[in-house]
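Close look at the chain arrangement
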Amino acid sequence: MSSQVSLGMPPVGGSVLLADPRGYCAGVDRAVITVEKALDLYGAPVYVRKQIVHNKHVVNNLAARGAIFVEELDEVPEGATVVFSAHGVSPMVHAEAADRSLKTIDATCPLVTKVHHEARRFASEGKHILLIGHEGHEEVEGTAGEAPDDITIVQTPDDVDDLEFPAGTRLSWLSQTTLSVDETMETVRRLREKFPQLEDPPSDDICYATQNRQVAVKEIAKDADLVIVVGSANSSNSVRLVEVALEAGAKASYRIDDISEFDEAWLVGVEKVGVTSGASVPDDLVQDVLGFLSAHGHPDADAVRTADESLIFALPPELRKDMKAAGIPYK
């Protein structure tokens, strides 16, 4: 725990509202275990394209064990083992890996894979796809790569005003899985007003974990003077949690990677602190925050549960096959 600058005043006694669910989702858990098992099975180094999940502590811990994180496949030696991150990749990346004889393990979250399937299906049916998401995000790049000539990215509700399509164009929408549920539905509403022919996907693409964490933070935020979200800056769902907390009534909300970024000044005059974490955050980082708060006048943490999560995803089939051949048990 890093030291904090003393403000020269006694802390205000208060309580902590701890969001439940928070932290790791099934897709993140699967991706992290995939890299760990690959290191155990094949030995270091194992290459990983992009960050396996968007959390610097997870990435640093795996790097210490022998994972090498690269931006693109041309950084991976020919014939080496490479893991694709939980955010998914485009068909072009799969093709490049095959051309370079790379052994690939695809740790794409199954919920992201579902969106990829929907993109291919909509395109094959002659529909133009409006993909709601953040341009440049790895998940959006991977999904857009499934049908690059048939996808337009829509980043915000206001972007809808600039969209124009020829009369008779069949339109459908998909979304990045880690967005704000409320903002996504507002974008869909605006799209539907402008394009009445817009077709919905079979189910909402916002993943269950993203929705559950946003519902939980809304619950704690309405009673909190301050909401702390543990998560990295490049974690879309963590950044959204701060926005959702403020919209739900929190007087202040901040995202931190860990307690080294916690500013004691945030606690001045604060009685109730809400704490949550993004879907790629190990719970030990949250426990560090609770310990910090306890030492600064907020010793009582009450869990606020809004959903039960029991979903578990099987490891990638290519990894399970090799583990079975080696006689290594897997879940």
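Scroll up for the structure.
Summary of the structure given here. Position numbers for residues count from 1 along each chain, tracking the sequence in the order it is written. Per-residue local features are limited, in this predicted model, to residues with pLDDT of at least 70; the limit for side-chain atom pairs, both in listing and counting, is 80 or more; totals at the level of whole chains, interfaces and linings are taken over all residues. To get the side-chain values, take all heavy atoms of the structure and skip hydrogens and water.

Quick look at the sheet that holds strand 12 (residues 300–305) now. Here, any two strands with at least 2 DSSP bridges between them count as paired. Put simply, DSSP H or I for four residues or longer makes a helix, DSSP E for two residues or longer makes a strand, and each gets a number counted from the N terminus. Across the sheet, which stays open at both edges, the 5 strands sit in the order 10-9-11-1-12 with parallel pairing between neighbours. This sheet does not close on itself; its edge strands, each paired only once, are strand 10 (253–256) and strand 12. Within this sheet the neighbouring strands show an average axis-to-axis angle of 25°, counted without direction. Judged from the 4 bridges that link them, strand 1 (residues 15–20) and strand 11 (residues 272–277) form a sheet pairing that is parallel. Directly across from Ser15, in strand 11, lies its bridge partner Lys272. Convention adopted: a line fitted to C-alpha atoms gives each axis, helices being fitted over their contacting stretch, and angles between N-to-C directions are expressed from 0 to 180 degrees.

We now examine the sheet that holds strand 5 (residues 103–106). Ordered by their spatial adjacency, 4 strands build an open sheet running 3-2-4-5, and the pairing between neighbours is parallel. The sheet terminates laterally at strand 3 (67–70) and strand 5, the two strands that pair on one side only. Taken pair by pair, the neighbouring strands of this sheet meet at an average axis angle of 30°, ignoring direction. The sheet contact formed by strand 2 (residues 46–49) and strand 3 spans 4 bridges and is parallel. When the sheet's bridge partners are listed, Val48 is paired in strand 3 with Phe69. In what follows, a contact means two residues having at least one pair of non-hydrogen atoms within 4.5 Å. Across the sheet, helix 1 (residues 26–42) touches strand 2, strand 3, strand 4 (81–84) and strand 5, and the angle it forms with strand 5 is around 150°.

In a helix, the anticipated span is given by 1.5 Å times the number of residues less one. For helix 8 (residues 236–247), which comprises 12 residues, the first-to-last C-alpha distance of 17 Å matches the rise-based estimate of 16 Å (1.5 Å per residue) to within 8%. A simple rule labels every residue: compare its accessible area, found with a 1.4 Å probe on the protein chains alone, to the largest value its type can have, and call it buried under 20%, exposed over 50%, or partly exposed in between. When helix 8 is considered as a whole, its buried residues turn out to be Ser236, Asn237, Ser238, Arg240, Leu241, Val242, Val244 and Ala245. Buried residues along helix 8 sit against helix 7 (208–221), strand 9 (226–230), strand 10 and strand 11. Just downstream of helix 8 lies Gly249, where phi reads positive at about 120°.

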